[in-house]
Amino acid sequence: MAYLESLAPFGVKRAVLTGLDGLVIEALGRGNPSAEVLAAELASLVRHMTPLAEALSGEVRRFTLATENHEILALKVGEYVLGAVIERGMDRKAVGQELTRIALKVQNL
């Protein structure tokens, strides 16, 4: 089942669905970073943020990384991570809502 195709109309530069092992399950888009790099790095970030989240009596659920020109929006859904790279100034709220909608589907994997 294709989960990420609904992000295409939002102009997402790159999106991935990965497991916590960092292997790409599904990818969308082109350019840098490659799907493999994005998946591995998102999984690594989740693993490294988990102790901090646990110290705060919680778990990693979502996070954002911003650079001068891009933002990465990421959601952790069980043993999976969804991430999307968008250019700054795009409708991040709409992309975030679509990622949340996809996350509800992924929960049933």
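As shown above, the structure is provided for reference.
Model, not experiment: these values are computed from the prediction. (Residues numbered from 1 in each chain as written. Predicted model: local features only at pLDDT ≥ 70, side-chain atom pairs only at ≥ 80, totals over all residues. Heavy atoms only, no water.)

Visitor: I'd like a description of the overall build of the chain, backed by residues and values.
Guide: The helix and strand inventory of the chain stands at 2 helices and 5 strands. The helix and strand sequence of the chain, counted from the amino end, reads β-β-α-β-β-β-α. Against the compact-globule benchmark of 13 Å for 109 residues, the chain has a radius of gyration of 13 Å, which places it among compact chains. Out of the 109 residues belonging to the chain, those deemed buried represent 41%. Within the chain, contacts between residues separated by at least 24 positions form 42% of all contacts whose residues are at least 6 apart in sequence. When the accessible surface of the chain is totalled, it reaches about 6300 Å², and 53% of it is carbon and sulfur. Within the chain, the 13 negative side-chain charges are centred at a point lying 4 Å from the centre of the 12 positive side-chain charges. (Helix = DSSP H or I, 4+ residues; strand = E, 2+ residues; numbered from the N terminus. Rg over C-alpha atoms; globule rule 2.2 N^0.38 Å. Buried < 20%, exposed > 50% of the residue type's maximum accessible area, 1.4 Å probe, protein only. Contact = heavy atoms within 4.5 Å. Areas by Shrake-Rupley, 256 points an atom, 1.4 Å probe, with all protein chains shown as cover. Lys, Arg positive; Asp, Glu negative; His and termini not counted. Charge placed at Lys NZ, Arg CZ, Asp CG, Glu CD.)

Visitor: Provide a residue-level description of the pairing of strand 5 (residues 80–87), including the pertinent values.
Guide: Of all 8 residues in strand 5, 6 are buried, a share of seventy percent or more. Two elements, strand 4 (residues 70–77) and strand 5, share 8 bridges in a ladder whose sense is antiparallel. Looking across to strand 5, one finds that Ile72 is bridged to Val85. Linking strand 4 to strand 5, which pair antiparallel, is a turn of 2 residues; within it Gly78 sits at a positive phi near 60°. (Pairing = 2+ DSSP bridges.)

Visitor: Requested: an account of the sheet that holds strand 5, with residues and values cited.
Guide: If you trace the 5 strands from one edge of the open sheet to the other, you get 2-1-5-4-3, paired in antiparallel fashion. Here the strands that pair on one side only, and so sit at the sheet edges, are strand 2 (24–29) and strand 3 (62–66). With direction set aside, neighbouring strand axes in the sheet form an average angle of 10°. Across the sheet, helix 2 (residues 92–106) lies against strand 1 (14–19), strand 3, strand 4 and strand 5, angled at about 25° from strand 4, the strand it touches most. (Axes fitted to C-alpha atoms, helices over the stretch in contact; angles between N-to-C directions.)

Visitor: How would you explain helix 1 (residues 35–55) if you had to name every residue and give the values?
Guide: With 21 residues, helix 1 extends 31 Å between its outermost C-alpha atoms, agreeing within 8% with the 30 Å of an ideal straight helix rising 1.5 Å per residue. Along helix 1, the largest kink reaches about 35° and is centred on Met49; proline Pro51 follows within four residues of it. Taken residue by residue, helix 1 has Ala35, Leu38, Ala39, Leu42, Ala43, Ser44, Val46 and Ala53 as its buried positions. Among the structural elements, strand 1, strand 2, strand 3, strand 4 and strand 5 are those in contact with the buried residues of helix 1. Phi turns positive one or two residues past the end of helix 1, at Ser57, with a value near 60°. (Expected span 1.5 Å × (residues − 1). Bend = angle between axes of the 7 residues up to and from the residue.)

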